[in-house]
Amino acid sequence: QLGDDSGAAKMDLVRYVEFQNSFSLIKKTHQLVLKSTQRFWQLLLRSKVTFGSLSKAFMEMDNAESKGDRTYKVMIERYPKSSKLLRSYGHFLEDVRNDPWRAQRYFSEADKLDEEENGEVDSLQGSDDMPADPSHIDDKKYAVLVIK
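The following paragraphs examine the structure supplied in this document. All residue numbers refer to position in the chain's written sequence, counted from 1. Totals for whole chains, interfaces and linings use all residues, but because this is a predicted model, local features are given only for residues with pLDDT of at least 70 and pairs of side-chain atoms are given and counted only at 80 or more. No hydrogens and no water enter the side-chain calculation; it runs on all heavy atoms of the structure.

Broken down by element type, the chain carries four helices and zero strands. Only DSSP runs of H or I with at least four residues qualify as helices, and only runs of E with at least two residues qualify as strands; both kinds are numbered from the N terminus onward. If you list the helices and strands of the chain from N to C, you get α-α-α-α. Excluding contacts between residues fewer than 6 apart, the proportion of contacts in the chain whose partners are at least 24 apart in sequence is 54%. Using a 1.4 Å probe, accessible areas were evaluated by the Shrake-Rupley method; residue-level cover was limited to the displayed protein chains. A total accessible area of about 10000 Å² is found for the chain, and carbon and sulfur atoms account for 53% of it. Every residue pair with non-hydrogen atoms within 4.5 Å of one another is taken to be in contact.

Next comes the structure, spelled out in structure tokens:
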């Protein structure tokens, strides 16, 4: 078994290679989504744009975004303890979905996993620690500040 930097404490070699290949694919998908968004905005910079070309570019951007989101969700379901993957999805949410609140949930979860892995988590139960499931984080309790 190997220790890895993807957030899982131990995994066998086959699972490790599978994760690395899948993570590489997900990063490529993330880049494709960003490029499709870039093409859409570049099209809008032209002086003459047809509605058809604009619709086509928008559909490509929307399809790429949906595919990327589905791919991340499948990967997170398969590797829920990967802080590397959770951070990557957080960047996807910020860059593509423009959802800094959900992104912060995933960043916080990744930080918590890293702390647990490093043995830095307090042993106190019932403290103000973030819940393990990012979907159960209370937005009223935890603030997010985004500065661009």
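There is more to say, and it comes next.
A few words on the environment of Q31. Of note, Q31 is situated in helix α1 (residues 13-44). Think of it in three bands: residues with accessible area under 20% of the maximum for their type are buried, residues over 50% are exposed, and the middle band is partly exposed, with areas taken using a 1.4 Å probe on protein chains only. By relative accessible area, which is 44% here, Q31 ends up partly exposed.

The next thing to look at is the packing of α1 against helix α3 (residues 83-95). When two helices pack together, their arrangement is given by the angle between the helix axes and by the axis-to-axis distance. With their axes 11 Å apart at the nearest point, α1 and α3 run at an angle of 10° to one another. Looking at the two axes, α1 sits roughly parallel to α3. Seen from α1, the contacting residues are F19, Q20, F23, I26, K27, H30, V33 and L34; seen from α3, they are K84, L85, S88, H91, F92 and D95. Side-chain classes follow a simple rule in which Ala, Val, Leu, Ile, Met, Phe, Trp, Tyr, Cys and Pro form the nonpolar group, Asp, Glu, Lys and Arg form the charged group, and the remainder, Gly included, forms the polar group. When grouped by side-chain class, the residues that make up the contact of α1 with α3 number seven nonpolar, four polar and three charged. Between the N-to-C directions of two axes lies an angle of 0 to 180 degrees, each axis being a line fitted to C-alpha atoms and, for a helix, fitted only over the stretch in contact. What sets the label is the angle itself: under 35 degrees gives roughly parallel, over 145 gives roughly antiparallel, 65 to 115 gives roughly perpendicular, and the rest give oblique.

Another aspect to go through is α3. Counted at 1.5 Å a residue, the expected span for α3 with its 13 residues is 18 Å, and the 18 Å between its end C-alpha atoms agrees. Among all positions in α3, only S83, L85, L86, S88, Y89, G90, F92 and L93 are buried. On the buried face of α3, the contacting elements are α1, α2 (51-78) and α4 (100-117). Working rule for helices: expected span equals 1.5 Å times residues minus one.

Turning next to the nonpolar core. We define a nonpolar core as any set of buried Ala, Val, Leu, Ile, Met, Phe, Trp, Tyr and Cys residues linked to one another through side-chain atoms lying within 4.5 Å. L85 and Y89 are the most contacted members of the largest nonpolar core, which has 20 residues in total. Where this core is concerned, the elements lending two or more residues are α1, α2, α3 and α4. Aside from chain neighbours lying at most four places away, what touches Y89 is D69, Y72, K73, I76, R102 and Y106.

The end-to-end C-alpha separation of α1 is 47 Å, in line with the 46 Å expected for 32 residues at 1.5 Å each. Where α1 is concerned, the buried positions are F19, F23, I26, T29, H30, V33, S36, F40 and L43. Looking at the buried side of α1, the elements it contacts are α2 and α3.

Structurally, S83 is set in helix α3. Between N or O atoms, a polar contact is any pair within 3.5 Å; within protein, one atom must be a potential hydrogen donor and the other a potential acceptor, and residues adjacent in sequence are included only when both atoms are from side chains. Polar side-chain contacts of S83 include one of 2.7 Å to the side chain of D114.

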